[in-house]
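# Analysis of the macromolecular model
Residue-level listing of the chains:
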Amino acid sequence: MLRFDSHYLRQFSLGSLGFLSLSALYPAALLAEQQDSQAITTSSGAGTTLLSPVTIEAGAEGGASSISSELLQRRQASHSGEIFRGEAAANVGGGSRNAQRLYLRGIEANNLNVTIDGAREGRDLHQHRGGLSGIDPDLLKAVDIDPSPAADQGAGALGGSIRFTTKDAQDLLLPDKDRGARAKTGYASADKSYRGSTTAYAMLGQNTGILSHISAVNRDDYRIGEGGTMPGSGGRDRDYMLKLSRIPETNGDESRFNDHELRFSAQRNTFVGDHAYGSIGSDFGDPKLETRQDEVRQERERDTYNFAHHYDPDANHIDWRLNIYRNDNRLKRLDDDSETRALEHGADLRNTFTFHIGDSEHRLTAGADYYLEDGQNNRPDEPDLSHESRNLGLFLQNRMRYGRLGVSLGARFDDYSTEFFDRKLEGDALSPNISTDFEMTEGWTAFAGYGEAVSGSGLIPVGWMQFIDERTNLNNDEPFKAEESSRWEAGLDYESRGLFKERDSFKLNATYFETKIDNSIERDDNWGSPFTVTWPDSRWPGNDRPQDVPKYDDPLVGNVINRDDTLITRGFEIRAAWGYATYDTQLSFMSAETVNEDGEPQGVSRRRGGIGGDRLVWDNRWAATEQITLGYTLTWVGDHTDVPDDEPERDGYDLHDIQVEWLPCGPSGLPGGGEELKLALAINNLFDTRYAEHTSLAWEDNGDYHIRSEPGRDVRITAELRF
């Protein structure tokens, strides 16, 4: 039985929330009706097209959604932590950049398969640094979120996958242009940040384009709601990308003139700032406390090289995709020249066969993926250490449709190995999945799915691996087990046109979900820090140290274990989108809880998962004229009171964001010049609310809990010129 944390929605049933979704959208229908007589044509060329920036995908894998580039630009997202600001099911906790971590339906990103152009992001480097990779949101074409089970999601997808896809030169060219450039500048008040970027792109031939991008942002420590600043939250971002893309043309009916699609990209992202390296203020607690460590100059750097080939010759038996990548993540302490590094090489090869058996249609995807991650720790005057983790995956996924019935059936085989000092976690596992959907009546589809997944890498950041030595207790001398998950979901999709107005478009999705994670491999030390270690007499030469007396010595990790408890995240999610003429609106809501196998509430667990109060996001966009687009986003989070005894209850909050985009000379640009100028204003947290994300880690100090607050009112302005 679900327990809902908020005061206002405590008694709501699923049907009540569905009614709330419709009620929230109905006033929008009236607004659009008033605009009917002066509707204008959108960029898609159809004045009544659904403009929703988040796509709700119905079908056998009905939990997927996508964040578009247009939405990120309207909200003026300036770093990767802001990409999910408008999502109910996916959110980023932690506050400042050195502490941020991503959650999908309550599952932390270490348990997801997160990729940028197919390159897997891998493990954290130290604390939570490196798990949420830096990237300029202006580079993104889309962010695809998929919590539904499937064999072809990639390795380690215990809770699903998140895929970042960057833009090609062809995405940025103005109509009838074969070359161009984009210059952008902006300012944000919360962290007094200045940003600038330049992107150049050109067609090298009929199908081949090249893009180069450079951007820079300089930030101060950000101001929190109601005043005050967050120490150690400033820094500077630098992004670079060079991308070559060969994309076949189409002849209008989507058949290709030339069938080979090729992409090669080289990316670099760096973030430099002064932060606490460990302990309070590093990834938990409020760094304003007197007990925090001194700030350390740090640089986080990612270099990614990626090659992708897609071959689709309009033949039923061939739809080939190959992706090869090299991902190099580094965290440097600039005060002592030490470096933590995760160097990963990987590949993904798959083909989708399309065929018919009687009246049934089949799309069978068969493939393999592989990665080898080398975790390295380099410290001056000490031996360099290296720890390897690898995974070979083989998968089959058949998506079948027979009339009104759809079935997705698959299995994944993983062969894995990870080093822990002189021990290894190694083995193999088979993970099945099945999902089905059935079109009941016109517009209504019921779906359900179940799937399993494994991960053989563990949750320990690369930086901690250097402290494992002969004194470390490795799983009580028992063999390590791979981390395992089981996921199931069920729900309803509804899609219609003409629901409130002729030619409008409406989509509704309601999903109940449950994810269980077993055998999490993590560092488990009672003292909480490797700098203070307590050992029995027998562990020290000469037995000259009294038992349970702290010893301050070189850092080490005391215990690496398979946790014997099960983390369960369960709840339901509702998403609705409606569009008509020049207006679109979307509503997303999630209510969930995180418990153990006995039903007891669990708090936010490092690198595993955590949840907060009920979360609702309502986003609106209106193209008032050809030149002006207006936006408004409401984020409401309920109180979170169902928490363990040793964790604080979390207060709810509500945020109001507004956005304005203005094309002074219209979408066709300046007369005769071919340029396009866009000016934009966004105000996040309009009423300067002081709040903290419920998934931010708390620190207890003499009975008081300290949690890192998020930015207060943030006024952002940007100017963008394309030509």
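Counting restarts for each chain: residues are numbered from 1 in the order of the written sequence. The predicted origin of the model limits local features to residues at a pLDDT of at least 70 and limits the giving and counting of side-chain atom pairs to 80 or more, whereas totals for whole chains, interfaces and linings rest on all residues. The basis for the side-chain values is all heavy atoms of the structure; hydrogens and waters are excluded.

### Observations concerning the overall build of the protein
- The way it works is that DSSP assigns letters per residue, a run of H or I at least four long becomes a helix, a run of E at least two long becomes a strand, and they are numbered from the N terminus. Along the backbone of the protein there are four helices and 36 strands.
- Within the span of the protein, comprising 723 residues, buried residues form 58% of the whole.
- By definition in these notes, contact holds between two residues if any of their heavy atoms fall within 4.5 Å. In the protein, the share of contacts with a sequence separation of at least 24, taken over all contacts with a separation of at least 6, comes to 69%.
- Accessible surface is estimated by sampling points in the Shrake-Rupley manner with a 1.4 Å probe; for residues, cover comes only from the protein chains shown. Element-wise, carbon and sulfur atoms account for 51% of the exposed surface of the protein, whose accessible area totals about 29,600 Å². Between buried and exposed lies partly exposed: a residue is buried under 20% and exposed over 50% of the maximum accessible area for its type, with that area taken using a 1.4 Å probe on protein chains only.

### Considerations on the sheet that holds strand β4 (residues 101–104)
- Whether two strands pair depends on DSSP finding at least two bridges between them. Ordered in space as β3-β4-β5, the three strands form an open sheet in which the pairing is antiparallel. Each edge of the sheet is formed by a strand with only one pairing partner; in this case those strands are β3 (90–93) and β5 (107–108).
- Across two bridges, β4 lies against β5 in antiparallel orientation. By the bridge assignment for β5, Tyr103 is matched with Glu108.

### Brief notes about the packing of aromatic side chains
- Two aromatic rings from Phe, Tyr or Trp, using only the six-membered ring of Trp, form a pair when their centres are within 6.5 Å; if the ring planes differ by under 30 degrees the pair is stacked, by over 60 it is edge-to-face, and anything between is tilted. This model, assessed by the stated rule, comprises 14 aromatic pairs.
- Centre to centre, the rings of Tyr494 and Phe506 are 6.1 Å apart; their planes meet at 55°, and the pair counts as tilted. Placement of Tyr494 in strand β24 (residues 483–497) and of Phe506 in strand β25 (residues 505–518) is noted, with a sequence separation of 12 residues between them.
- Its relative accessible area of 16% is what places Tyr494 among the buried residues.

### Re the side chain of Asn306
- With respect to the element layout, Asn306 can be found in strand β15 (residues 295–315).
- Residue Asn306 is classed as buried on the basis of its relative accessible area of 4%.
- Polar contacts here mean pairs of N or O atoms no more than 3.5 Å apart (in protein, one a potential hydrogen donor and the other a potential acceptor; neighbouring residues in sequence count only if both atoms are side-chain atoms). Reaching out from Asn306, the side chain makes a polar contact with the side chain of Asn323 at a distance of 3.2 Å.
- Not counting the four nearest positions on each side in its chain, Asn306 is found in contact with Ile116, Asp117, Gly118, Ala119, Arg263, Phe264, Ser265, Asn323, Ile324 and Tyr325.

### Thoughts on the nonpolar core
- Here, nonpolar core means buried Ala, Val, Leu, Ile, Met, Phe, Trp, Tyr and Cys residues that are tied together by side-chain atoms lying within 4.5 Å of each other. In terms of nonpolar packing, the biggest core is built from 32 residues, with Ile67, Ile83, Phe84, Val143, Ile162 and Phe164 touching the most fellow members.
- Only α2 (69–75), β3, β4, β6 (113–116), β8 (140–146), β9 (161–166) and α3 (169–172) provide two or more residues apiece to this core.
- It is β8 that provides the largest number of residues to this core, a total of three residues.
- Those residues in contact with Ile162 that sit more than four places away from it in its chain are Phe84, Leu102, Leu104, Leu112, Asn113, Val114, Thr115, Val143, Asp144 and Ile145.

### With respect to a nonpolar patch on the surface
- A patch consists of residues whose relative accessible area exceeds 30% and which take part in no salt bridge; residues with like charges are grouped when within 9 Å of each other, and nonpolar side chains (Val, Leu, Ile, Met, Phe, Trp, Tyr) when within 5 Å. The rule for a salt bridge is simple: a side-chain nitrogen of Lys or Arg has to be within 4 Å of a carboxyl oxygen of Asp or Glu. Among the surface-exposed residues, Leu204, Leu244, Phe264, Tyr305, Phe307 and Ile324 lie close enough to one another that they form a single nonpolar patch of about 530 Å² accessible area.
- Considering the arrangement of structural elements, one finds Phe264 in strand β14 (residues 260–276).

### A few points about the pattern of salt bridges
- The full count for this structure, using the stated rule, is 56 salt bridges.
- Salt bridges linked by common partners bring Lys141, Asp168, Asp171, Lys243, Glu261 and Arg263 together as one network.

### Some details on the environment of Tyr103
- Of note, Tyr103 is situated in strand β4.
- Separated by 507 residues in sequence, Tyr103 and Gly610 place their C-alpha atoms 7.8 Å apart.
- With near-sequence residues (within four places) excluded, Tyr103 lies in contact with Ala89, Ala90, Asn91, Gly93, Glu108, Val604, Gly609, Gly610 and Thr695.

### Examining the pairing of strand β30 (residues 615–623)
- For β30, the buried fraction is high: seven of the nine residues fall into the buried class.
- With eight bridges connecting them, strand β29 (residues 583–595) and β30 associate as antiparallel partners. Its bridge partner lying in β30, Thr585 is registered against Asn620.
- Here β30 pairs with strand β31 (residues 628–637) via nine bridges, running antiparallel. Residue pairing across strands places Val617 opposite Thr635, the latter belonging to β31.

### Let's talk about the pairing of strand β27 (residues 559–562)
- Of the strand pairs in this sheet, strand β23 (residues 473–474) and β27 are connected by two bridges, and their pairing is parallel. Bridged to Leu474 within β27 is Val560.
- Examined bridge by bridge, strand β26 (residues 521–523) and β27 share three bridges and lie antiparallel to one another. Bridging from a neighbouring strand, Glu522 pairs with Ile561 of β27.

### Here's the deal with a negative patch on the surface
- Charged-residue counts in this description rest on Lys and Arg as positive and Asp and Glu as negative, His and the chain ends being excluded. We put the charge of a Lys on NZ, of an Arg on CZ, of an Asp on CG and of a Glu on CD. Taken together, Asp220, Asp221, Asp294 and Glu295 make up a surface patch of like negative charges.
- With respect to the secondary-structure elements, Asp294 resides in the loop between β14 and β15.

### A word on the sheet that holds β23
- If you walk across this open sheet you meet the three strands as β23-β27-β26, and the pairing is mixed. With one partner strand each, in any of the chains shown, β23 and β26 form the two edges of the open sheet.

### As for the environment of Thr511
- Counting through the fold element by element, Thr511 comes out in strand β25.
- By relative accessible area, which is 1% here, Thr511 ends up buried.
- The sequence separation of Thr511 and Asp493 amounts to 18 residues, and the corresponding C-alpha distance is 8.6 Å.
- Excluding residues that lie within four positions of it along the chain, Thr511 makes contacts with Arg105, Phe447, Glu489, Ala490, Gly491, Gly571, Phe572 and Glu573.

### A word on the side chain of His387
- One can find His387 in strand β19 (residues 385–402).
- Residue His387 is classed as buried on the basis of its relative accessible area of 7%.
- Within the structure, His387 has its side chain in polar contact with the backbone oxygen of Met465 (distance 3.5 Å).
- Look past the residues within four positions of His387 in its chain and what remains in contact with it is Glu373, Asp374, Gly375, Asn377, Glu419, Met465 and Gln466.

### Focus on the confidence of the model for the protein
- For every residue, the predictor assigns a confidence score, pLDDT, that lies between 0 and 100. Per-residue pLDDT for the protein averages 86, and the proportion of residues at 70 or more is 84%.
- The low-confidence segment residues 1–60, where pLDDT is below 50, has 139 contacts with residues more than four positions distant or belonging to other chains.
- In the model, residues 527–552 has pLDDT below 50 throughout and makes 43 contacts with residues more than four positions away in sequence or in other chains.

### Notes on unusual backbone geometry
- Even without glycine at this site, Asp337 takes up a positive phi of about 60°.
- Of note in this structure, Asn476 is not a glycine but carries a positive phi near 55°.

### A closer look at the environment of Ala490
- Tracing the backbone shows Ala490 in strand β24.
- Along the chain, Ala490 and Ala446 lie 44 residues apart, while their C-alpha atoms are 7.7 Å from each other.

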